[in-house]
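An overview of the molecular structure
One letter stands for each residue in the lines below.
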Amino acid sequence: MTAPAHLDPRLLRAFVAVAEELHFTRAAARLYVAQQALSRDVRRLERELRAELFVRTTRQVALTADGERLLPHARRVLAAHEDLLAAFGQARALLVDLNSPDLDTGRRVLHRARELAPEHELMARYESGLTGAAAELLAGRLDASFGRFAGLDPALRAGLDHQLVRYEPMAVVLPEAHRLAPLEAVPLHALAGETVYAGAGNPRTPEWTDLAHRLFAGRRIEVAPPAPLAVGVEEFHRLMAKTGHPVLAVTDFSALPRTVVRPLVDPVPLSPVSLVWRKGLAHPAFDAVRRAAVQLAAERGWLRRPESAWVPAIDETISKSDSSVHH
């Protein structure tokens, strides 16, 4: 492989996209270009480097030894190119996943970050859950997300960094006719014998289902079995009405028609929410997001925990481990 005197970053971007997707159609969709244009850029790069970078068959695409060798260099060059553009005010938009429009923490952080960095474009995305977002973060299609970092698979956590932002008090969403609906707050022991929906089977939110299992263990509360994924408020409400199951949520969750949201108490279960990003992320607006999270946590007491709080032991362990590494 011979390095040319000049190399267009667009060609490297095409190469990296195909190398990470191992699929030309998906790589083209990721870059918002036609597949023919993407293939043309990859062939041009191979000619300029005088090396074959991919083995292409009708069934699969694989990196050659030269392709494997080029990939880390290409990523570094593109990161440096992005830094250069950012230094002269030409940074791309920072893409921040808020999980859902109904969740408060990420939305507030994003709004504050926009106030701190009005010269940059910060765009919201909605990936439903942190596990779903994590793959997008690692592929470079998202820059940051929010959620329960300890609930991610260790293989995903290895490529990500996080900053604890908030302990969100948890709640249940109940049909108005439910026996517990008249209560202002629902003690956990009152849910004994109930089956509670917590997203089981949703491949984008296993970190939430795992939190439910840990909270309900030993309390005679069952996690509802997988159900068809309801997309949209109308479908979610229809499914909830059909099953009659309470739904595990957070206190900021917006009540649906003919439902009530009740905080959980005795103990007060907390869902640890972190700002999560790809290791090595370099973007001039990202510092504003981190500062916004710190400011809001301080102003709103997001990291204060009541005496009767419950937090999963694994979350405590990972937070302490990460704190010792960063300090």
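The structure contained in this document is the topic of the report that follows. (Residues numbered from 1 in each chain as written. Predicted model: local features only at pLDDT ≥ 70, side-chain atom pairs only at ≥ 80, totals over all residues. Heavy atoms only, no water.)

**Quick word on the overall build of the protein chain**
A tally of regular secondary structure across the protein chain gives eleven helices and 13 strands. Burial statistics for the protein chain: of 327 residues in total, 47% are counted as buried. Of all intrachain contacts in the protein chain linking residues separated by at least 6 positions in sequence, the fraction that spans at least 24 positions is 74%. Surface summary for the protein chain: the accessible area is close to 16,600 Å², and the carbon and sulfur share equals 53%. (Helix = DSSP H or I, 4+ residues; strand = E, 2+ residues; numbered from the N terminus. Buried < 20%, exposed > 50% of the residue type's maximum accessible area, 1.4 Å probe, protein only. Contact = heavy atoms within 4.5 Å. Areas by Shrake-Rupley, 256 points an atom, 1.4 Å probe, with all protein chains shown as cover.)

**Considering the packing of helix α2 (residues 24-31) against helix α3 (residues 35-49)**
Where α2 contacts α3, the two axes come as close as 9 Å, and the packing angle between them is 100°. By the angle between their axes, α2 is roughly perpendicular relative to α3. Facing α2, whose interface residues are Phe-24, Thr-25, Ala-27, Ala-28 and Leu-31, α3 presents Gln-35, Leu-38, Ser-39 and Val-42. Residue classes in the contact of α2 with α3 are distributed as six nonpolar, three polar and no charged. (Axes fitted to C-alpha atoms, helices over the stretch in contact; angles between N-to-C directions. Parallel < 35°, antiparallel > 145°, perpendicular 65-115°, else oblique. Nonpolar A, V, L, I, M, F, W, Y, C, P; charged D, E, K, R; others polar.)

**Some points on the packing of aromatic side chains**
Pairs of aromatic rings are described using the distance from one ring centre to the other and the angle between the two planes. Under the defined criterion, the tally for this structure stands at three aromatic pairs. Plain terms: the ring middles of Phe-24 and Phe-54 are 6.1 Å apart, the flat faces sit at 70° to each other, and that makes the pair edge-to-face. Of the two residues, Phe-24 sits in helix α2 while Phe-54 sits in strand β1 (residues 54-56), which places them 30 residues apart along the sequence. Accessibility assignment for this pair places Phe-24 and Phe-54 in one class, buried. Grouping aromatic residues by their ring pairs yields a cluster made of Phe-15, Phe-24 and Phe-54. (Phe/Tyr/Trp six-rings, centres within 6.5 Å; stacked < 30°, edge-to-face > 60°.)

**Structural notes on the pairing of strand β3 (residues 94-97)**
In β3, alternate side chains face the same way, and those of Leu-94 and Val-96 on one face and Leu-95 and Asp-97 on the other are all buried. Taken together, β3, helix α5 (residues 104-116) and strand β4 (residues 122-125) constitute a β-α-β crossover, and its handedness is right-handed. (Right-handed = clockwise from strand over helix to strand, strands pointing away.)

**Focus: the pairing of strand β6 (residues 160-175)**
The side chains of a regular strand alternate, residue by residue, between the two faces of the sheet. With twelve of 16 residues buried, β6 lies mostly within the body of the structure. Sheet topology note: the β6/strand β12 (residues 268-278) ladder contains nine bridges and is antiparallel. When the bridges of β12 are listed, Leu-160 appears paired with Arg-278. Strand direction decides the pairing type here: β6 and strand β10 (residues 247-250), joined by four bridges, are antiparallel. By the bridge assignment, Met-170 is partnered in β10 with Val-250. Here five bridges tie β6 to strand β11 (residues 259-265), and the two strands are oriented antiparallel to one another. Bridge pairing links Leu-174 to Val-260 in β11. (Pairing = 2+ DSSP bridges.)

**Observations concerning helix α10 (residues 286-300)**
With 15 residues, α10 extends 21 Å from end C-alpha to end C-alpha; this agrees with the ideal 21 Å at 1.5 Å per step. Every buried residue belonging to α10 is among Phe-286, Ala-288, Val-289, Ala-292, Ala-293, Leu-296 and Ala-297, and all of these are buried. The arc that holds the buried residues of α10, viewed along the axis, is 165°, so those residues lie on one side. Exposed and facing more than 90 degrees away from the buried side of α10 are Val-294, Ala-298 and Glu-299. Phi turns positive, to about 65°, at Gly-301, one or two residues after α10. (Expected span 1.5 Å × (residues − 1). Arc of directions from axis to C-beta.)

Honestly, it's all geometry; don't read function into it.
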